[in-house]
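# Understanding the architecture of this molecule
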Amino acid sequence: MSQIKLILLDFDGTLADTGEANAMGYIAALREIGIELSKEEYFARYFGMRCTEFLRSVGVGSDDEVRSVRRRKIELYPKFFDTVTLNEPLWQWCQMMRRGGAKVWIVSTGHIDNITNVMRYLNIDGGVDGIISGDDVELPKPAPDCFLRAMEIEGVLPSESIIFEDSEIGLEAARRSGASYVRIEL
């Protein structure tokens, strides 16, 4: 492998363990519109799904309703941040590499507001060079577009990049990008 010039981090489940907070935010937002969902059901059936696909599959109908529930989840999400933890070893390694000249990007299918709110809460919002969220690319993971876009912006090759991912979909996107990648399990 060439010298690492770019580190690409998935956010939820890789850099930060946000599973509980995401689940509780969605459960609370859905409950407000009369849809009951247990935490166990969320993790067993919907965890890792893109927001719109998830909301449609639990019965949220129109585009307006999807946008409304999504906004409400973003509002409720910080109430559950006490359950969020940072992957401290990965973060420290990234900061060491950054001091050595590598760039560090968050590349996530998550919504930008969710990502930045958690980063502020964890006090890591100044430690990355860029963020690509699910809204920034037309084709989501498992397409490699999000990773390739960050590489293009930074002007680096896949051989100069390393990707950290936790989900099968994310790992498939990483594989398709041509970069080296590491599976993270929190």
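The rules behind these values
- Residues numbered from 1 in each chain as written.
- Predicted model: local features only at pLDDT ≥ 70, side-chain atom pairs only at ≥ 80, totals over all residues.
- Heavy atoms only, no water.
- Salt bridge = Lys/Arg side-chain N within 4 Å of Asp/Glu carboxyl O.
- Helix = DSSP H or I, 4+ residues; strand = E, 2+ residues; numbered from the N terminus.
- Buried < 20%, exposed > 50% of the residue type's maximum accessible area, 1.4 Å probe, protein only.
- Disulfide = S-S within 2.5 Å.
- Pairing = 2+ DSSP bridges.
- Axes fitted to C-alpha atoms, helices over the stretch in contact; angles between N-to-C directions.
- Contact = heavy atoms within 4.5 Å.
- Expected span 1.5 Å × (residues − 1).
- Parallel < 35°, antiparallel > 145°, perpendicular 65-115°, else oblique.
- Left-handed = near helix turned anticlockwise from the far one by under 90°.
- Nonpolar A, V, L, I, M, F, W, Y, C, P; charged D, E, K, R; others polar.

This next bit is on the pattern of salt bridges. Opposite charge on two side chains makes pairing possible when the charged atoms of those side chains draw close. Per the counting criterion, the structure on display carries 15 salt bridges. We note a salt bridge from Arg-45 to Glu-41, for which the minimum N-O separation is 3.3 Å. Of the two residues, Arg-45 and Glu-41 both sit in helix H2 (residues 39-46), 4 residues apart, roughly one turn of that helix. Relative accessible area serves as the criterion here: at 28%, Glu-41 is assigned to the partly exposed category. Note that Asp-64 and Arg-67 form a salt bridge whose closest N and O atoms lie 2.4 Å from each other. Residue Asp-64 and its partner Arg-67 are both found in helix H4 (residues 63-76); the two are separated by 3 residues, about one turn of the helix. Overall, the relative accessible area of 52% leaves Asp-64 in the exposed class.

A few words on the state of the cysteines. Counted under the stated rule, the structure contains 0 disulfides. Free of any disulfide, Cys-94 has its nearest cysteine sulfur in Cys-146, 16 Å distant.

The sheet built from 5 strands is open, its strands ordered S5-S4-S1-S6-S7 with parallel pairing. The open sheet has two edge strands with one neighbour each: strand S5 (130-132) and strand S7 (180-183). The average angle at which neighbouring strand axes cross in this sheet is 20°, direction not considered. Pairing between strand S1 (residues 6-9) and strand S6 (residues 161-165): 4 bridges, direction parallel. Counterpart to Leu-9 in the pairing with S6 is Phe-164. The sheet strands contacting helix H8 (residues 168-177) are S6 and S7, and the helix crosses S7 at an angle near 165°.

It is worth spelling out H4 at this point. A rise of 1.5 Å per residue sets the reference length of H4, with its 14 residues, at 20 Å; its end C-alpha atoms lie 20 Å apart and thus fit the reference within 8%. In the core, the buried residues of H4 are packed alongside helix H1 (19-32), helix H3 (51-57) and helix H6 (112-122).

Close contact between H1 and H4 brings their axes to 8 Å; oriented N to C, the two are set at 130°. What the angle tells us is that H1 and H4 run oblique. Every pair of crossing elements has a handedness; the one defined by H1 and H4 is right-handed. Mapping the contact onto sequence places Asn-22, Gly-25, Tyr-26, Ala-28, Ala-29, Leu-30 and Glu-32 in H1 and Val-69, Arg-72, Lys-73 and Leu-76 in H4. Of the residues belonging to the contact of H1 with H4, the class tally is 6 nonpolar, 2 polar and 3 charged.

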